[in-house]
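# Analysis of the macromolecular model
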Amino acid sequence: MPKEKFFCANCMNCIVIRQYESDPERFVLRVRCIKKKWTKRSGEEKLYKYFTVARRTVDNCQHYTEAGDLYPYIKNLRKDLPIKDEIYSTRE
């Protein structure tokens, strides 16, 4: 029997944030786990690029809270997310 994998993108604790670089009016989108499940070896919080989150899975997670129907959602994410970082501006 295959193990069930949890897609982080389908978890209520997986959120999209803005990450500002040197220019405070420009940002890129990153994803973080609000339950602090993603950490580097140094202990810092790990942020994932917005377009890679549809492929992020874990074998088990005590904080996993399903956000909806998994497979149509993940399939659409993989199809619709950009394939590289897009730089956004706060200026209109």
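Here we summarise the structure given alongside this text. (Residues numbered from 1 in each chain as written. Predicted model: local features only at pLDDT ≥ 70, side-chain atom pairs only at ≥ 80, totals over all residues. Heavy atoms only, no water.)

## Here's the deal with the nonpolar core
Selection rule: Here, nonpolar core means buried Ala, Val, Leu, Ile, Met, Phe, Trp, Tyr and Cys residues that are tied together by side-chain atoms lying within 4.5 Å of each other. Any residue under 20% of the maximum accessible area for its type is buried, any over 50% is exposed, and the rest in between are partly exposed; the area is computed with a 1.4 Å probe on protein chains only. Going along the chain from the N terminus, every DSSP run of H or I of four or more residues is numbered as a helix, and every run of E of two or more is numbered as a strand.
Cys14, Trp38, Val53, Ile74, Leu77 and Leu81 are the most contacted members of the largest nonpolar core, which totals 18 residues. Contributions of two or more residues to this core are made by strand E1 (6-7), strand E3 (26-33) and helix H1 (70-80). Among the elements that make up this core, the one with the highest residue count is H1 (3 residues).

## Some words on the environment of Val31
Counting through the fold element by element, Val31 comes out in strand E3. Taking the C-alpha atoms as reference, Val31 lies 16 Å from Thr65; in sequence the two are 34 residues apart.

## A look at the packing of aromatic side chains
Selection criterion: Side-chain rings of Phe, Tyr and Trp, where Trp is taken by its six-membered ring, are said to pair if the distance between their centres is within 6.5 Å; with planes under 30 degrees apart they count as stacked, over 60 as edge-to-face, and otherwise as tilted. Distance and angle both matter: a charge sits over a ring if NZ of Lys or CZ of Arg is within 6 Å of the ring centre and within 35 degrees of the ring normal.
Taken as a whole, this structure holds 4 aromatic pairs when the rule is applied. Ring geometry for Phe6 and Tyr64: centres 4.7 Å apart, planes at 50°, overall tilted. One end of the pair, Phe6, is in strand E1; the other, Tyr64, is in the loop between strand E5 (57-58) and H1, and 58 residues separate them in sequence. Look at Tyr20 and Phe27: their rings are 5.5 Å apart centre to centre, the planes differ by 55°, and that puts the pair in the tilted class. Given the relative accessible area of 39%, Tyr20 is considered partly exposed. By the ring-pair criterion, three or more aromatic residues cluster together here, those being Tyr20, Phe27 and Tyr88. If you follow Lys46 out to its NZ or CZ, it ends over the ring of Tyr48, 5.1 Å from the centre.

## Things to note about unusual backbone geometry
One non-glycine residue, Lys36, lies in positive phi territory at about 60°. Looking at the element boundaries, Lys36 is found in the loop between E3 and strand E4 (48-49).

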